[in-house]
There are 2 protein chains.
Amino acid sequence: MTRALTVTGARLDGVVGAVRTVDGRIAATGPQVGPEPGDEVLDAGGGHVLPGLVNGHTHAAMTLFRGCGDDLPLMRWLQEVIWPAERRLTADDVYWGTRLAAIEMLRTGTVRFWDMYWHGEAVARAARDAGIRAAVSSVVIDGGDAAAGRSQRAAILADLDRIAEAGALVTPTLGPHAVYTVSPETLTWLGEVAADRDLPVHIHLAETEDEVADCRAVHGVTPTGLLDRCGLLSPRTVLAHCVWCDAADLELIAARGATIVTNPVSNLKLAVGDVFAYDAARAHGIPVGLGTDGAASNNSLDLLADAKFLSLLQKHRANDPAAMPATETWAVATGARAPGLGQSGALVPGAPADFVVVPSDRPELGPGALVHNLVYAASGSVVDTVVVDGRVVVRGGAVADEAEIRAEAYAAAARLGVT
Amino acid sequence: MTRALTVTGARLDGVVGAVRTVDGRIAATGPQVGPEPGDEVLDAGGGHVLPGLVNGHTHAAMTLFRGCGDDLPLMRWLQEVIWPAERRLTADDVYWGTRLAAIEMLRTGTVRFWDMYWHGEAVARAARDAGIRAAVSSVVIDGGDAAAGRSQRAAILADLDRIAEAGALVTPTLGPHAVYTVSPETLTWLGEVAADRDLPVHIHLAETEDEVADCRAVHGVTPTGLLDRCGLLSPRTVLAHCVWCDAADLELIAARGATIVTNPVSNLKLAVGDVFAYDAARAHGIPVGLGTDGAASNNSLDLLADAKFLSLLQKHRANDPAAMPATETWAVATGARAPGLGQSGALVPGAPADFVVVPSDRPELGPGALVHNLVYAASGSVVDTVVVDGRVVVRGGAVADEAEIRAEAYAAAARLGVT
């Protein structure tokens, strides 16, 4: 039996019509389209229907640590706040932290997130229950100890299987944390697993100058060079940050077809010392997406807020107000510049039925060009309705069971001793 | 007859009680406080009651030009978009543009704005009708022609009188545009008027490197030095931008007691080339406030979004995640670091009854410290209720007559030919 949703009163590129979805895919759009018998019908009230956003790098459950230990030097923050709390972390905590994150992401128009955090199977269940798409990592850290890495292999593979059990909204991925926390031998094994099973790989790369200097000192190559040496750079690879990649690194990333996810807000908040070279990466032909990073280093999961940072920091970096126009940033935020992240940014027949509705009467959205106002003037609070996989998951700006989820997540944060 | 409003269920520093206001001033706060017979009563439902924000520099009616001509080089933007439209601008256009701006400012928690735009009397009427406090300029531009400046003097003084007619919410100010658009003779005359009448002066200063170089070439001093030479630097002076002030400039500003308003988002969007030196200004003891600048160069009027930019850019500038903590930024945004802007940032008996209510159940406001979450995680959309001068001007996140105001403002924008 088919499952069909038709959104009427839907403004697409200025023209009001309908979007009909069947079994989680867009079947038809336009002024001639209407609901068929048996369709679920939703009235968008003349609101703009737009592609959903994709958050290319986050640690969703770190909403549990939001607002805790901000403004501390990095090592004090990790040693005094985050690590002690993470040592107590249970799968249940991660489940509720991820549900809390999903409320915020969905309400602000994100339809898919790329996650890296402990207890991946709990992240996967939370995404499934929230109705949001997620690329969920089996996280790998061996502390640079290859023997420790070998002993974890069976558990990593078992994790992938449990993540996959969450169903079609969830994509299992391999999540080696970084070149400074995972041994080359384990990275190499992960590269083989990724190739054998055609799995995405999600890793932090070249976030700080120290990471690059240390890698050169220990391995004689940049972090990008090390990943390539381990067979981990491929079209399946998603590289978070890449603030400190040089021209040779970018050339290598481009040659291997990997994707970069830039996290401008997190990079500023943690003061990593430079701004990602968007133009250089694109000049090399590298796919680029946008991420918030975790709520402990942003502290928001509202990707539209980060989109504004992306545009404005690139203008600042280029010393040119014409750099990084809003239309380019919108393409990045919707995944149109990074097919590997799984969202096309286009609402055409056959595409996944993932979209948002933005009412046309919000004061910050006019006058002037809609996409400019979305990037420069709006926050994600302009989103009223969100559809993922043809299901309505946000209605009237709210998600089901918000109060219960918040209570559970806050109780988890209290147990972890961070509030 | 007194006019009293009591807000019950009000959480102040975590304790639930009430805030009672009488004739536009806070009369009492705390758990023992309750409404007296005849009071208007508003239930905050356990929401946080916080000081309102002050937008220290904007051109409110430029909401009419929002999203028009973004991402253009500065001179093309001015010559092709803004100036042609401004030549057609009427007082009516400015009135509706300011009303549109006031919706957005009030909804996002701003209780006072410092404005500089044509048709000041229309700005003043709009502020009065919206119920928002405003420091409204009589704008002065003589194109560097002292004779032209002399011929404008009577009109400038008449403007001040008409601005003052709007009543107690409005503070008339003198608004010389900048040292490159106003002659030294006119600046000197304005300094005398300001001193005679004890009027605030609101001016752009040292926004770009070119402005400083040109001023040195023409006048032999920095823009700051020129203002001082003209007698325009005093505790009454509010200086917008000051990105390109050097140490001697900051020393002079400090010695004269003037206030700086930083506009981090506008500075990035127009790519002025540097970041305001907050720590240096404060080390000199200079009062500092925060501004959005106009909606054509931001493009939002949501001061909380700009607060995040302020903190994060200062961390980036200092290369230190501990720089510019959220608590400091909150103090700047609420006016507590710049008494000259007219808001104290404190809710104590005797203070003006200007405050906001933020519901405690918003997903982005927990867990962790409230002020951290307001600065780093929230947008102004978390504000539910706003009280200015003891009157409720935002309720349930909405302002009265929004649809009518938007329609009038959009019609004005269409007449001006920018959409």
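Residues numbered from 1 in each chain as written. Chains lettered and ligands numbered in written order. Predicted model: local features only at pLDDT ≥ 70, side-chain atom pairs only at ≥ 80, totals over all residues. Heavy atoms only, no water.

J.: What is the right way to look at the overall build of chain A in this model?
T.: Across its full length, chain A carries 14 helices and 16 strands. Relative to the compact-globule value of 22 Å for 419 residues, chain A shows a C-alpha radius of gyration of 21 Å, a close match. The dimensions of chain A, computed from C-alpha atoms along their principal axes, are 65 × 45 × 45 Å. Taking all 419 residues of chain A together, 64% fall into the buried category. (Helix = DSSP H or I, 4+ residues; strand = E, 2+ residues; numbered from the N terminus. Rg over C-alpha atoms; globule rule 2.2 N^0.38 Å. Buried < 20%, exposed > 50% of the residue type's maximum accessible area, 1.4 Å probe, protein only.)

J.: Help me understand unusual backbone geometry in this model?
T.: Of all residues except glycine, most have a negative phi; of all peptide bonds, most are trans. A:Asn299 follows A:Asn298 through a cis peptide bond whose omega is 10°. With respect to the helices and strands, the residue A:Asn299 is situated in the loop between strand S13 (288-290) and helix H11 (303-318). Unlike most non-glycine residues, A:His119 shows phi in positive territory, near 55°. You can call A:His119 partly exposed: its relative accessible area is 33%. Of note in this structure, B:Ala271 is not a glycine but carries a positive phi near 50°. Following the sequence through the fold, B:Ala271 ends up in the loop between helix H9 (264-269) and helix H10 (278-283).

J.: Teacher, can you tell me more about the relation of the copies chain B and chain A here?
T.: Relating the two copies of this chain is a rotation about some axis coupled with a shift parallel to it. Superposing chain B onto chain A requires a rotation of 180° together with a translation of 0.0 Å along the rotation axis, leaving an RMSD of 0.0 Å. Put plainly, the chains are arranged around a two-fold axis. (Least-squares fit on C-alpha atoms with pLDDT ≥ 70 in both.)

J.: Looking at this structure, I do not really get the packing of helix H11 (residues 303-318) of chain B against helix H12 (residues 326-333) of chain B. What am I missing?
T.: Relative placement of two packed helices is described by the angle separating their axes and the distance separating the axes. All names here are of chain B. Two elements in contact, H11 and H12, have axes whose closest approach is 10 Å; the angle formed by their N-to-C orientations is 135°. Our classification of the angle between H11 and H12 gives oblique. Between H11 and H12 lies a crossing of right-handed hand. On the side of H11, the interface is formed by Leu303, Leu304, Ala307, Leu310 and Ser311, while H12 contributes Ala326, Thr329, Trp330, Val332 and Ala333. Of the residues in the contact of H11 with H12, the class split is 8 nonpolar, 2 polar and no charged. (Axes fitted to C-alpha atoms, helices over the stretch in contact; angles between N-to-C directions. Parallel < 35°, antiparallel > 145°, perpendicular 65-115°, else oblique. Left-handed = near helix turned anticlockwise from the far one by under 90°. Contact = heavy atoms within 4.5 Å. Nonpolar A, V, L, I, M, F, W, Y, C, P; charged D, E, K, R; others polar.)

J.: Is there a simple way to explain the interface of chain B and chain A in this structure?
T.: By a widespread convention, an interface's size corresponds to the accessible area lost as its parts come together. Each partner contributes residues to the interface: chain B has 58 residues there, and chain A has 58 residues. Both sides together, the interface formed by chain B and chain A hides about 4600 Å², and carbon and sulfur atoms give 61% of it. When the buried area of chain B at its contact with chain A is split by residue, B:Asp71, B:Pro363 and B:Pro367 rank highest and sum to 15% of it. Our enumeration of links across chain B and chain A arrives at 2 salt bridges. In this structure, the connection of chain B to chain A is made through 24 residue pairs in polar contact (both at pLDDT 80 or more). (Buried area = accessible area lost by both parts, 1.4 Å probe. Salt bridge = Lys/Arg side-chain N within 4 Å of Asp/Glu carboxyl O. Polar contact = N/O pair within 3.5 Å; in protein donor to acceptor, adjacent residues only side chain to side chain.)

J.: Explain the confidence of the model for chain A here, please?
T.: Low pLDDT means the predicted coordinates in that region are not meant to be read closely. The pLDDT averaged across chain A works out to 96; a share of 100% of its residues lies at or above 70. Note on the complex model: pTM 0.97, ipTM 0.96. (pLDDT = per-residue confidence, 0-100.)

J.: Explain the state of the cysteines to me, please; I cannot follow it from the model alone.
T.: Applying the stated criterion to the full structure yields 0 disulfides over all chains. Here A:Cys215 is not cross-linked by a disulfide; its sulfur's nearest cysteine counterpart is in A:Cys230, at 9.1 Å. (Disulfide = S-S within 2.5 Å.)

J.: Teacher, can you tell me more about the domain arrangement of chain A here?
T.: All names here are of chain A. Segmentation of chain A into domains returns domain 1 (4-46 + 350-398) and domain 2 (53-341). A separation of 29 Å is found between the C-alpha centroids of domain 1 and domain 2. For the pair domain 1 and domain 2, the summed buried area comes to about 1700 Å², and 67% of that belongs to carbon and sulfur atoms. When the buried surface of domain 1 facing domain 2 is broken down by residue, Val375, Tyr376 and Val388 rank first, second and third, together holding 35% of it. (Domains from an automatic or database assignment.)

J.: Explain the side chain of B:Thr58 here, please?
T.: Residue position: B:Thr58 is located in strand S6 (residues 53-58). Residues in contact with B:Thr58, not counting those within four places in the same chain, are B:Phe113, B:Trp114, B:Asp115, B:Met116, B:Thr292, B:Asp293, B:Gly294 and B:Leu301.

J.: Before we go on, may I ask you to explain helix H13 (residues 370-377) of chain B in this structure?
T.: An α-helical turn contains 3.6 residues, so any two residues separated by three or four positions project in the same direction. Of all 8 residues in H13(B), 6 are buried, a share of seventy percent or more. By the burial criterion, the buried members of H13(B) are B:His372, B:Asn373, B:Leu374, B:Val375, B:Tyr376 and B:Ala377. Elements that come into contact with the buried residues of H13(B) comprise helix H2 (91-107) and helix H9 (264-269) of chain A together with strand S5 (48-51), H11 and H12 of chain B.

J.: Looking at this model, I keep getting lost on the pairing of strand S1 (residues 4-12) of chain A. Mind explaining?
T.: Within a regular beta strand, the side chains point alternately toward one face of the sheet and then the other, so they alternate between its two faces. Residues and elements named next belong to chain A. Along S1, 8 of the 9 residues are buried, which leaves the element largely enclosed by surrounding structure. In the sheet, S1 pairs with strand S2 (residues 15-22) via 7 bridges, with the strands oriented antiparallel. Across the sheet, Ala4 pairs through a bridge with Val22, a residue of S2. Taking the residues between adjacent antiparallel strands as the criterion, S1 and S2 are bridged by 2 residues, where Asp13 takes a positive phi near 50°. In this structure, S1 lies alongside strand S4 (residues 40-43), joined through 4 bridges in parallel fashion. Residue pairing across strands places Thr6 opposite Val41, the latter belonging to S4. (Pairing = 2+ DSSP bridges.)

J.: Help me out: how do you make sense of the pattern of salt bridges in this one?
T.: Two side chains that carry opposite charge are able to pair once their charged atoms sit near each other. Applying the stated criterion to the full structure yields 46 salt bridges over all chains. One salt bridge connects A:Arg76 with A:Glu80, and the closest N-O pair in it is separated by 3.0 Å. On the criterion of helical spacing, the pair formed by A:Arg76 and A:Glu80 is a turn pair, its members being 4 residues apart in helix H1 (residues 74-87). With relative accessibility at 41%, the residue A:Arg76 sits in the partly exposed group. Since its relative accessible area comes to 47%, A:Glu80 is described here as partly exposed. With a shortest N-O distance of 2.8 Å, B:Arg415 and B:Asp93 are connected by a salt bridge. Of this pair, B:Arg415 sits in helix H14 (residues 402-416) while B:Asp93 sits in helix H2 (residues 91-107), and the two are 322 residues apart along the sequence.

J.: How should a nonpolar patch on the surface be read in this particular structure?
T.: Nonpolar side chains collect at one region of the surface, where A:Leu74, A:Met75 and A:Trp83 lie side by side and expose about 280 Å² of accessible area between them. Residue position: A:Trp83 is located in helix H1. (Patch = residues over 30% accessible without salt bridge, like charges linked within 9 Å, V, L, I, M, F, W, Y side chains within 5 Å. Areas by Shrake-Rupley, 256 points an atom, 1.4 Å probe, with all protein chains shown as cover.)

J.: Even after reading the chapter, I still don't get H11(B), so can you show me in this structure?
T.: Residue and element names in this part refer to chain B. The end-to-end C-alpha separation of H11 is 22 Å, in line with the 22 Å expected for 16 residues at 1.5 Å each. Counting buried residues along H11, 13 of its 16 residues qualify, which places the element largely inside the surrounding structure. The backbone nitrogen of Leu304 lies 3.1 Å from a side-chain oxygen of the residue at the head of H11, namely Asp302. Just downstream of H11 lies Asn319, where phi reads positive at about 55°. (Expected span 1.5 Å × (residues − 1).)

J.: Help me understand the side chain of A:Asn263 in this model?
T.: Residues and elements named next belong to chain A. Examined against the element boundaries, Asn263 turns out to sit in the loop between strand S12 (259-262) and H9. Judged by relative accessible area, Asn263 falls into the buried class, the value being 0%. In contact with Asn263, not counting residues within four places along its chain, are His57, Ala240, His241, Gly291, Thr292 and Asp293.

J.: Got a minute to help me understand the environment of B:Val193 in this structure?
T.: All names here are of chain B. Looking at the element boundaries, Val193 is found in helix H5 (residues 184-197). For Val193, a relative accessible area of 7% translates into the label buried. For the pair Val193 and Leu157, spaced 36 residues apart in the sequence, the C-alpha separation amounts to 9.1 Å. In contact with Val193, not counting residues within four places along its chain, are Leu157, Leu174, Asp198 and Leu199.

J.: Just to check I follow, could you spell out the packing of aromatic side chains for this structure?
T.: Here the distance between the centres and the angle between the planes together describe a pair of aromatic rings. With the rule as written, the count across this model stands at 3 aromatic pairs over all chains. On the numbers, 3.6 Å between centres and 5° between planes, the contact of A:Phe309 with B:Phe309 is stacked. With A:Phe309 in helix H11 and B:Phe309 in helix H11, this pair bridges two chains. Side by side, A:Phe309 and B:Phe309 carry an identical accessibility label, which is buried. Consider the rings of B:Tyr95 and B:Trp96, whose centres lie 4.9 Å apart with planes at 90°: the pair is edge-to-face. For the residue pair B:Tyr95 and B:Trp96, the accessibility class agrees, reading buried in each case. We note A:Lys269 situated over the ring of B:Tyr376; from NZ or CZ to the ring centre the distance is 4.8 Å. (Phe/Tyr/Trp six-rings, centres within 6.5 Å; stacked < 30°, edge-to-face > 60°. Lys NZ or Arg CZ within 6 Å of the ring centre and 35° of its normal.)

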